[in-house]
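Working through the structure, step by step
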Amino acid sequence: MVEKIRWAPVEGDSAEILAKYNQPLSSLAKGDVPAFVMRQAFNSDDCAGLVQRFYARGLIYDPRKTGESVSRIDIGTSLGRHRNDLPKFFEHARKTLKLYETLFVGFDDPVAFMHKTLADLAPDKRVVVARESDGSLYGPAIFRTYYEGVGHTPHFDSVRKRTKLLDLEVSRFEKQFAAILCFQNSFQDAESGQALLYNCQWTEELSDELPRFREYANSQDVESVRIDLNPGDFYIFCSETIHEVPPPKGDQPRIVLASFFAMSDTDEEIYVWA
């Protein structure tokens, strides 16, 4: 009996991944591989140092101590949050770009690291911060801080297919992806806050199933994998793959640097944004 090959993440640095996959992003887009994971690709001491800086500057905080409703705390500009007010989005992105010019001084630049790594994996393309035809730039990446009780239910991400902002330049690409660099995990329960990817990419036929996707996945025997990360670990996946992020547990939040990126086989550029 031939053993079934498990749908599993592939680990290694850029050179090792390219040695196995001639076009890694195309393999993600086709769903052949759930994710590419690079362990300790970024200095974990810099992760801890930057988190301390974020707190010292008041860029992140515990909303429970201020009496606010618990929500995700961002450093950066989210298209998803500002999609109904695009002028505000681009103004916010300008401030993010200005902030990032000095925020990482004394540490390795994690945004530059992410963009260089993507360029290494796609040597035939140019990786650039997403822009509109008038030159307006998007935010290049975003720090997301998840406190206890805050996560993501099963969903997919696509400007073209989910939010359908078809007037934006980032909607022209065939496939959308996500890049995640772990900065901090919760203290309690190593599995909390770690992403779960399902071996199922979004199609219109799944519209009615998405609200109860966990039950659907169980009934259809849809395979899933959890991507366990520690500070300094980095991974990429196709964001049109159904995925979820269970809320972290305990007083210490989970913090990641996240970026979307998109490509088409016929386009020479990969657009990166948050």
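Above this text is the structure in question.
Here the structure is a predicted model, which means the values were calculated and not measured. (Residues numbered from 1 in each chain as written. Predicted model: local features only at pLDDT ≥ 70, side-chain atom pairs only at ≥ 80, totals over all residues. Heavy atoms only, no water.)

1. A look at unusual backbone geometry
The residue K164 is not glycine, and still its phi comes out positive at about 55°. Residue position: K164 is located in the loop between α7 (159-163) and β7 (175-184). Although it is not a glycine, D221 sits at a positive phi angle of roughly 55°. Secondary-structure assignment places D221 in the loop between α8 (213-219) and β9 (224-227). Looking at D221, the relative accessible area reads 71%, which means it is exposed. (Helix = DSSP H or I, 4+ residues; strand = E, 2+ residues; numbered from the N terminus. Buried < 20%, exposed > 50% of the residue type's maximum accessible area, 1.4 Å probe, protein only.)

2. Side note on the pattern of salt bridges
Evaluated as defined, the whole model comprises 19 salt bridges. Salt-bridge contacts for R81 lead to D74; the nearest nitrogen and oxygen are separated by 3.5 Å. The partner of D228 in a salt bridge is R226, and the shortest N-O contact between them spans 2.7 Å. D228 sits in the partly exposed class, given a relative accessible area of 31%. On the accessibility criterion, R226 (34% relative accessible area) is partly exposed. (Salt bridge = Lys/Arg side-chain N within 4 Å of Asp/Glu carboxyl O.)

3. Let's talk about the packing of aromatic side chains
Enumeration over the complete set of coordinates arrives at 19 aromatic pairs. Ring centres of Y100 and F104 lie 5.4 Å apart, and the angle between their planes is 45°; this geometry places the pair in the tilted category. Note on Y100: relative accessible area 7%, which makes it buried. Since its relative accessible area comes to 3%, F104 is described here as buried. (Phe/Tyr/Trp six-rings, centres within 6.5 Å; stacked < 30°, edge-to-face > 60°.)

4. A look at the pairing of β9
Only one face of β9 is buried, namely the one carrying V225 and I227, since none of S224 and R226 on the opposite face is buried. Bridge count for strand β8 (residues 195-201) against β9 is four bridges, and the pairing is antiparallel. Along β9, the bridge assignment pairs L197 with V225. (Pairing = 2+ DSSP bridges.)

5. Some words on the pairing of strand β12 (residues 254-263)
Two faces belong to every sheet, and in a regular strand the side chains alternate between them. Across the ten residues that make up β12, a large majority, ten, are buried. Residue alternation in β12 divides its side chains into two sets, R254, V256, A258, F260 and A262 and I255, L257, S259, F261 and M263, and both sets are buried. Sheet topology places strand β5 (residues 142-146) next to β12; five bridges connect them, and they run antiparallel. Within the sheet, the bridge partner assigned to F143 lies in β12 and is L257. Sheet topology places β7 next to β12; nine bridges connect them, and they run antiparallel. Looking at β12, one finds that A179 is bridged to S259.

6. So, the state of the cysteines
Counted according to the given criterion, the structure contains zero disulfides. C182 carries a free sulfur, and the closest cysteine sulfur to it, the one in C47, is 7.2 Å from it. Look at C182 and you get buried, because its relative accessible area is 0%. C200 supplies the cysteine sulfur nearest to C238, a cysteine that is in no disulfide, at a spacing of 12 Å. (Disulfide = S-S within 2.5 Å.)

7. Describing helix α3 (residues 44-56)
Here α3 contains 13 residues, and its C-alpha end-to-end distance of 19 Å stays within 8% of the 18 Å for a straight helix at 1.5 Å per residue. For α3, the secondary structure elements touched by its buried residues are β3 (73-75), α5 (86-103), α6 (110-121), β5, β7 and β12. Taking the backbone nitrogen of D45 as reference, a side-chain oxygen 2.7 Å away marks N43 as the first, capping residue of α3. Downstream of α3 by one or two residues, G58 has phi in the positive range, about 75°. (Expected span 1.5 Å × (residues − 1). Contact = heavy atoms within 4.5 Å. Polar contact = N/O pair within 3.5 Å; in protein donor to acceptor, adjacent residues only side chain to side chain.)

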